[in-house]
Amino acid sequence: MAKPFLSIIIPVKDNARILPLVLIDTDHFLGIHGASYEIIVVDGGSADKTLEVAERLAPLFKNLKVLGGSGARGLGAMMREGLVAAKGKWRVLLPGTGAVSAGEFYKVLPHLEAGYDLAIGSRFLPHSSIKPGLHIHQSLFRMLHNLFVRFLALPKIKDTESGMMCISEHAVNCTLPFLQIESAGGALEVAALAHRLGFKIKEFPIFWENNSRFDYGHYWDVLVDALKIKWMLIKDKYKIKN
């Protein structure tokens, strides 16, 4: 296969029921736009039949690659494996829950082509949309969580947890050697390191479908990882040379 324009990376864990729809949606939207692409599904040790479902679907999608079988892993480890395997000019991370469609990528493509190296899909911008809406206590919890994460890692980014991130091949190659977080804060670490390395970051509005259980544990894990990232940046544990 020639070098693709897009690499879609989908970390999954216990997503057997929704994964076929996610793959159909992804393949449909990318096929409409005509750019060359590959889809990489990375299983993190699912307890259900997610890996089996992905492998059975692989022959139906000519550009689908399935990675897995390495036991239980966190989001950061899955994401890193996908980024290493990807070959595209742009690497796009999507949530395995189907909360964000691959079609959202084309909203930010003009900004990427104008010189941005990393783009983060946001649920907190004026033209963002969440359907159905969250309960009041969930919205409050997420708002407080975002305030802490922004203070610790990315002050100018309003939302790091939508599950959608677009990264240039060059930015991936520069950040990969420094990545250490293997758990829920993996995407946050990529963005924080890209910021430290001087890459241009764009936040853009997305439509986010609230189609899964609100996972308080995930948000707490990200907060712990944000503290780790802050500490490693302060103590120069990444050994980044400016």
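Here's what I pulled together on the structure shown here.

Analysis parameters
- Residues numbered from 1 in each chain as written.
- Predicted model: local features only at pLDDT ≥ 70, side-chain atom pairs only at ≥ 80, totals over all residues.
- Heavy atoms only, no water.
- Core = buried A, V, L, I, M, F, W, Y, C linked by side-chain atoms within 4.5 Å.
- Buried < 20%, exposed > 50% of the residue type's maximum accessible area, 1.4 Å probe, protein only.
- Helix = DSSP H or I, 4+ residues; strand = E, 2+ residues; numbered from the N terminus.
- Contact = heavy atoms within 4.5 Å.
- Phe/Tyr/Trp six-rings, centres within 6.5 Å; stacked < 30°, edge-to-face > 60°.
- Lys NZ or Arg CZ within 6 Å of the ring centre and 35° of its normal.

1. Let's talk about the nonpolar core
Counting residues in hydrophobic clusters, the biggest one holds 43 residues, and the most contacted among them are Leu 118, Met 165, Ile 167, Leu 188 and Tyr 238. Looking at this core, the elements with two or more residues in it are strand S2 (37–43), helix H3 (75–85), strand S5 (118–122), helix H5 (136–152), strand S7 (165–168), helix H6 (169–175), helix H7 (186–196) and helix H8 (216–234). Broken down by element, the residue count for this core peaks at 7 residues, all from H7. Here Leu 118 is in contact with Leu 112, Met 165, Cys 166, Ile 167, Val 190, Ala 191, Ala 194, Lys 200, Ile 201 and Lys 202, once residues within four sequence places are set aside.

2. Points about the packing of aromatic side chains
According to the stated counting rule, one finds 4 aromatic pairs in the structure shown. Centre to centre, the rings of Phe 105 and Tyr 106 are 5.2 Å apart; their planes meet at 80°, and the pair counts as edge-to-face. Here Phe 105 matches Tyr 106 in class, with each residue buried. Ring centres 6.1 Å apart and planes at 90° place the aromatic pair Phe 141 and Tyr 219 in the edge-to-face group. Highlighted residues: Phe 141 in helix H5 and Tyr 219 in helix H8, separated in sequence by 78 residues. Of the two residues examined, Phe 141 and Tyr 219, each falls in the buried class. An aromatic cluster is present here, built from Phe 141, Tyr 216, Tyr 219 and Trp 220 joined pairwise through their rings. The ring of Trp 208 carries Arg 123 above its face, with NZ or CZ at 4.7 Å from the centroid. The side chain of Lys 200 reaches across the aromatic face of Tyr 116, ending 4.5 Å from its centre.

3. Observations concerning the environment of Ser 168
Relative to the elements of secondary structure, Ser 168 occurs in strand S7. Residue contacts for Ser 168: discarding those within four places in its chain leaves Lys 89, Trp 90 and Asp 117.

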